[in-house]
Amino acid sequence: MNLLNYLINGLSLGSVYAIIAIGYTMVYGIAKMLNFAHGDVIMIGAYVSFFMLVNFGLGFIPSLLIAVVICTVLGIVIERLAYKPLRQADSLSVLITAIGVSYLLQNSAQLMWGSATKMYPINIISGSVSLFGGKLSIPYLTIVTILVCIVVTFALQWFVNNTRTGSAMRACSEDKDAARLMGINVDTTISITFAIGSCFAAVAAVLLCSAYPAVSPTLGSMPGIKAFTAAVFGGIGSIPGAFIGGLLLGIIEIFSRAYISTQLSDAIVFSVLIIVLLFKPTGILGKKVSEKV
Amino acid sequence: MNKVKEFIQYLFSPRKRSCTVSFLLTVVLYLVMSVLIANGSVSSLIKGLLIPLCSYIVAALALNLTVGILGDLSLGQAGFMSVGAFTGAVVSAVLQQHLDSNLLILIISILAGTVMAALFGVLVGVPVLKLEGDYLAIVTLAFGQIVKTLISNFYVGIDSTGLKMSFIEDRTHLEAGGKMIINGPSGLSGNTRMSTFAVGFVLILITLVVIYHLLESRYGRAILATRDNKVVALTVGINTSKYKLITFVISAALTGAAGVLYAMNFSSITPAKFDFNLSIFILIYVVLGGLGNMTGTIVSTIVLMLLPELLRELNDYRMIIYALILIAIMLITNNRSLRSLYERLFLRKEKRNVESTDL
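No experiment lies behind these values; they were computed from the predicted model shown.

(A) Structural context of the overall build of chain B. The number of helices and strands found in chain B is 15 helices and 3 strands. A compact globule built from 359 residues would reach a C-alpha radius of gyration of about 21 Å, and chain B, at 22 Å, matches this within 12%. Over its C-alpha atoms, taken along the principal directions, chain B stretches across nearly 75 × 55 × 50 Å. Contacts in chain B between residues far apart in sequence, at least 24 positions, make up 72% of those at least 6 positions apart. Accessible surface for chain B amounts to roughly 17,200 Å². Of this, 63% is attributable to carbon and sulfur atoms.

(B) Quick look at the packing of aromatic side chains. A complete count under the given rule lists 26 aromatic pairs over all chains for this structure. Here A:Tyr47 and A:Phe51 contribute two aromatic rings whose centre-to-centre distance is 6.2 Å and whose plane-to-plane angle is 25°, an arrangement assigned as stacked. Here the residue A:Tyr47 and the residue A:Phe51 both occupy positions in helix 2 (residues 38-54), the gap between them amounting to 4 residues, near one helical turn. The pair formed by A:Tyr47 and A:Phe51 is uniform in burial state, with each residue classed as buried. By way of ring pairs, the aromatic residues B:Tyr56, B:Phe86, B:Tyr262, B:Phe266, B:Phe274 and B:Tyr285 are connected into one cluster. Looking at B:Lys242, its charged tip hangs above the ring of B:Tyr243, at a distance of 5.1 Å from the centre.

(C) Fine view of the nonpolar core. Membership of the largest hydrophobic core comes to 203 residues, with the highest contact counts inside it found for A:Tyr83, B:Leu75, B:Phe274 and B:Leu283. At 17 residues, the largest contribution of residues to this core is made by helix 3 (residues 44-70) of chain B. Excluding anything up to four places from it in sequence, B:Leu283 contacts A:Leu95, A:Ile96, B:Leu63, B:Val67, B:Leu73 and B:Leu75.

(D) Layout of a nonpolar patch on the surface. All names here are of chain B. Taken together, the side chains of Ile332, Leu338, Leu341, Tyr342, Leu345 and Phe346 present a nonpolar region at the surface, about 620 Å² in accessible area. Of the residues forming the nonpolar patch, the biggest block, 5 residues, is contributed by helix 14 (residues 336-346). Along the chain, the position of Phe346 falls in helix 14.

(E) Examining the sheet that holds strand 1 (residues 154-159) of chain B more closely. All names here are of chain B. Taken together, 3 strands build an open sheet; the order of strands is 2-1-3 and the sheet is antiparallel. The strands lining the two open edges of the sheet, one partner per strand, are strand 2 (162-167) and strand 3 (179-183). In this sheet, adjacent strand axes meet at a mean angle of 20° when their direction is disregarded. Of the strand pairs in this sheet, strand 1 and strand 3 are connected by 4 bridges, and their pairing is antiparallel. Note that in strand 3 the partner of Ile158 across the bridge is Lys179. Contacts from helix 4 (residues 77-95) reach strand 1, strand 2 and strand 3, with the element oriented near 175° to strand 3.

(F) Quick peek at helix 4 of chain B. With 19 residues, helix 4 of chain B extends 27 Å from end C-alpha to end C-alpha; this agrees with the ideal 27 Å at 1.5 Å per step. In terms of burial, helix 4 of chain B is largely enclosed, as 17 of its 19 residues are buried.

(G) Spotlight on the pairing of strand 3 (residues 136-139) of chain A. Residues and elements named next belong to chain A. Across the two faces of strand 3 the burial differs, with Leu136 and Ile138 buried and Ser137 and Pro139 not buried at all. Alignment of strand 2 (residues 128-131) against strand 3, held across 4 bridges, turns out to be antiparallel. Looking at strand 3, one finds that Ser130 is bridged to Ser137.

Criteria and thresholds
- Residues numbered from 1 in each chain as written.
- Chains lettered and ligands numbered in written order.
- Predicted model: local features only at pLDDT ≥ 70, side-chain atom pairs only at ≥ 80, totals over all residues.
- Heavy atoms only, no water.
- Helix = DSSP H or I, 4+ residues; strand = E, 2+ residues; numbered from the N terminus.
- Rg over C-alpha atoms; globule rule 2.2 N^0.38 Å.
- Contact = heavy atoms within 4.5 Å.
- Areas by Shrake-Rupley, 256 points an atom, 1.4 Å probe, with all protein chains shown as cover.
- Phe/Tyr/Trp six-rings, centres within 6.5 Å; stacked < 30°, edge-to-face > 60°.
- Buried < 20%, exposed > 50% of the residue type's maximum accessible area, 1.4 Å probe, protein only.
- Lys NZ or Arg CZ within 6 Å of the ring centre and 35° of its normal.
- Core = buried A, V, L, I, M, F, W, Y, C linked by side-chain atoms within 4.5 Å.
- Patch = residues over 30% accessible without salt bridge, like charges linked within 9 Å, V, L, I, M, F, W, Y side chains within 5 Å.
- Salt bridge = Lys/Arg side-chain N within 4 Å of Asp/Glu carboxyl O.
- Pairing = 2+ DSSP bridges.
- Axes fitted to C-alpha atoms, helices over the stretch in contact; angles between N-to-C directions.
- Expected span 1.5 Å × (residues − 1).

And the structure:
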């Protein structure tokens, strides 16, 4: 029964990673950049929803929606101001700019809201389902997290494959110049991608903080790095890959905490990543790109 | 007299110029700082920064070898520093029981840290460098995290019976009078401070010698060919994996030395000090200094390390301003119209030179 319990916990943590990883993977797929500020957008989302819940006394859904709106706008603003002028620049310049944006967000948050950790109200979704005569109890929050992740992934997959904007995104990720010749507005498409990624970051923030209720300016860094790992793990650029990578990473993390060592869980997660990359260099669902000469 | 003139001309010839400037800059800065320290006109704050500065310069130069010369992104520089730092600390603690000369102990510790970091460089490099794209970045990122976690769970102590190690829990059971060297998450404590500014300066010089020698050699040309066009390099018979590995391991080794220098400047240091942020900071020094440009790396490390100190008066705002400066530099240097203006104003002559040498 313990095993099942750990598996469910792993799926729940993995779902949060997956939602964040989708943001990374979409931006990487289309803009070909590592958006290091993504973790900090999560942090902003966490603070916004925290203030909505605690200071304004709003309910769960309204505060989530406000966080989503603010993060989405933030994502678009960051893209327009910091990344758009660098469309033609080399990837390292873009990376450094992303790191600069990340520092900016972290330190602004610290200045505005202090560096002390705030306790997120955890009783938003309380209660749990009992199964097998009380042997296994699954909190509603866990169920909600996993469901949200599944819905988000499938909705996004449908969006990318079946809408005009979705095909524009796929076209941009294949070849930006060709996409432009086909009459696709590349800049708008990239902005939409950032908007979607940031919107998911807000959702992830609320779910993450409901499970691990400590809000601080550096809240987003570690989940950010883990989710990025998950995106690579599943094959960067692929949405189902981010989904599977996130879930697997969550399960591996919880299992290694439970069965091997709490302190070493990070080392184990990253070692698994390295081993997977050695045998499957493009990640689990990544496409192999052959080099043309 | 003519010989001297010829020699100076040789030193400033296009091929040698960057090398000469790097060395000159380092020596001049060292002399100026030494004079200022002797005068007593250097604040203790700046004095305390000198050795970390030397250490970061070495680490940044080493990273420039991977990122600028090899053309592969590495995000695990802190991991190699950490490996070097803690190896060096253990070695120095052992040697202190046998040797008296601090300088000798420091040199042997630095060598030990260098060798250990090189071994880890091989461990990371062999499997990864055959892969394409950004994988080195991801694997080195993972490597840095793994090293941080492992050392946070590592316990090493020393007593009259010798070294004792344990993992995850402290099971070293030291005798009375024994001393913990690495104490899990709290890291080093009671470390004897041995690093000096002079050693740091010499380490920078050695790093420059190693890098410029590598670049001037057959190896260096093979590495540059690999970076610029791997397929062509392969077709002319260059074993690209081999040269990539050699460069990566040298970079790791130098970084390890920087780590020892850094650790031996503090009496206590935690494994968490060598985290992802440190790797990022060093990467920023390299990118702002210019990829493959060693003089630029030295200058940008000095400026960017001193910048937060100069901004100290602004207190809470200083990291925000630092971040804004970072973004602004990237946007300005990549702005096309500004760039072409700069080229028209300053680079006319040089550009022509480059064009003629290209043929």
